[in-house]
Amino acid sequence: MLTKIKIKIQSLLRVEARLANRIGLTPNHLSIAGVVFGVISGFLYYLAGINLSDPAGSRAYLLVAVAFLLTSGFFDALDGVLARLYKKTSIKGGFLDSLLDRYVDAAVYSGIMLGGLCDILWGLLALIGSLLTSYARARSEAENVPMESIGIFERAERIITIAAASLLNLVWMDALRWGILLLALLTNLTVLQRATFFFRKVSSR
C-alpha cells in the first residue's frame, strides 16, 4: 500500500547512498547492519516488557526499541538504493536481504511477545501473517507473477504500525497490544489478497 511512497523515499536516499559508497560500504554491509539493529530492537522490546514494574525504565527501553527498529528500516531501504545506484544488484544480495528481513520480523515480534507486551496468540498470528505475506510474494514471483504493492499491509506498513503503536504505548499501556492485534488481522488479510491475486492471474493465462 505504501510502495509508491517507499519509491519516493528511496529516491531521496541517494545522498546517503553516495556517502555509504564513498566510505566503502556495500549493500550487504547495510543489510547486515539492518538485521543487527532489528535484533537489538527485539531484545529492547523484551526488556521493556519485563521491566513494567519500573515505568520510567520500561518507557526508556521502549523508546530506544522504536529508534532501533526505524534505524533497521532505514538501512533496509538504503541497501536497495545503493545497489541500484551503483549497479550492485545481484541474486545473492536480494536473497540475503529478504532472508535477513525475516529474522528482523521474527526478532521484533518475539521480543514483544516474550516481554508480555501483547497476547501470545495475537503475536503469533501477526508473526505468521508477516512471514507468509513475504513468502506469498516470493513464491508468486518465482512463477513470474509480480506481487509488489499487492495487499494492504506490506513490510513498510508493518514497521510503521509497530513504531506508532509503541510510541502511543508510552501514554496508553494497551496501545501496542492493540497494534499487534491489528497486525494479526491485516497481515493475514494481505496473505489472502495475494493468494487471490495469484490464482486469478494464473487462471487467466
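Higher on the page you've got the structure.
What you see is a predicted model; the values in this text were computed from it and never measured.

Novice: Any details on the packing of helix α3 (residues 27-50) against helix α4 (residues 55-85)? Residues and values, ideally.
Specialist: Between two packed helices, what matters for the description is the angle formed by their axes and the separation of those axes. Contact geometry for α3 and α4: axes closest at 8 Å, N-to-C directions at 165°. When the axis of α3 is compared with that of α4, the two are roughly antiparallel. Relative to α4, α3 is oriented so that their crossing is left-handed. Grouping the amino acids of the contact of α3 with α4 by side-chain chemistry returns 20 nonpolar, seven polar and one charged.

Novice: Any chance you could break down the layout of surface pockets for me, citing the residues and the numbers?
Specialist: By volume, the second largest pocket amounts to about 190 Å³. If you go around the second largest pocket, the residues you meet are L132, Y135, A136, R139, S140, M147, V191, R194, A195, F198 and F199. Taken together, the elements giving at least two residues each to the lining of the second largest pocket come down to α6 (120-142) and α8 (175-203). In the lining of the second largest pocket, the residues fall into eight nonpolar, one polar and two charged.

Novice: Outline the pattern of salt bridges, listing residues and values.
Specialist: Going through the model one piece at a time under the given rule, you end up with ten salt bridges. When the shortest N-O distance is used, the salt bridge between R155 and D76 registers 3.1 Å. Within this pair, whereas R155 is found in helix α7 (residues 155-169), its partner D76 is found in helix α4, the two being separated by 79 residues in sequence. We note that R155, like D76, is buried. The structure contains a network of salt bridges with shared partners spanning D76, D101, R102, D105, R155 and R158.

Novice: Account for the nonpolar core, naming residues and giving values.
Specialist: Grouped together as the largest cluster of nonpolar side chains are 29 residues, with contacts concentrated most on Y45, Y109, I112, I162, L176 and I180. Elements represented by at least two residues in this core include exactly α3, α4, α5 (91-114), α6, α7 and α8. When residues of this core are assigned to their parent elements, the largest contribution, six residues, is made by α5. Beyond its immediate chain neighbours, meaning those up to four positions away, I180 contacts Y109, I112, C118, W122, G123 and A126. Of all hydrophobic cores here, the second largest spans eight residues; its members include A17, F75, A77 and V81.

What counts, and at which threshold
Here the residue numbers are simple positions, counted from 1 along each chain's written sequence. Since the coordinates come from a predicted model, pLDDT governs what is reported: local features require at least 70, and pairs of side-chain atoms require 80 or more to be given and counted, while whole-chain, interface and lining totals use all residues. Think of the side-chain values as coming from all heavy atoms in the structure, minus any hydrogens and water. Axes here mean lines fitted to C-alpha atoms, for a helix over just the part in contact, with angles spanning 0 to 180 degrees between N-to-C directions. Helix numbers and strand numbers start at the N terminus; a helix is a DSSP run of H or I with at least 4 residues, a strand a run of E with at least 2. Just so you know how the angles are binned, under 35 degrees is roughly parallel, over 145 roughly antiparallel, 65 to 115 roughly perpendicular, and the rest oblique. For any helix crossing, the convention is left-handed if the near helix is rotated counterclockwise from the far helix by under a right angle, and right-handed if that rotation is clockwise. Under the grouping applied here, Gly and all other residues not named as nonpolar or charged are polar, the nonpolar ones being Ala, Val, Leu, Ile, Met, Phe, Trp, Tyr, Cys and Pro and the charged ones Asp, Glu, Lys and Arg. Only protein atoms enter the 1 Å grid, on which a cavity is a set of points fitting a 1.4 Å probe that cannot get out and a pocket is an open set with protein on both sides within 12 Å along at least 5 of 7 lines, lining residues being those with an atom within 4 Å of a point. Grid points are joined across faces, edges and corners, and a volume is the space filled by probe spheres set on the points. Take a side-chain nitrogen of Lys or Arg and a carboxyl oxygen of Asp or Glu: if they are within 4 Å of each other, that pair is a salt bridge. Each residue gets one of three labels from its accessible area relative to the maximum for its type: buried under 20%, exposed over 50%, partly exposed in between, using a 1.4 Å probe on protein chains only. To define a nonpolar core, start from buried Ala, Val, Leu, Ile, Met, Phe, Trp, Tyr and Cys residues and group those joined through side-chain atoms within 4.5 Å. The criterion used for residue contact is that any of the two residues' heavy atoms lie within 4.5 Å.

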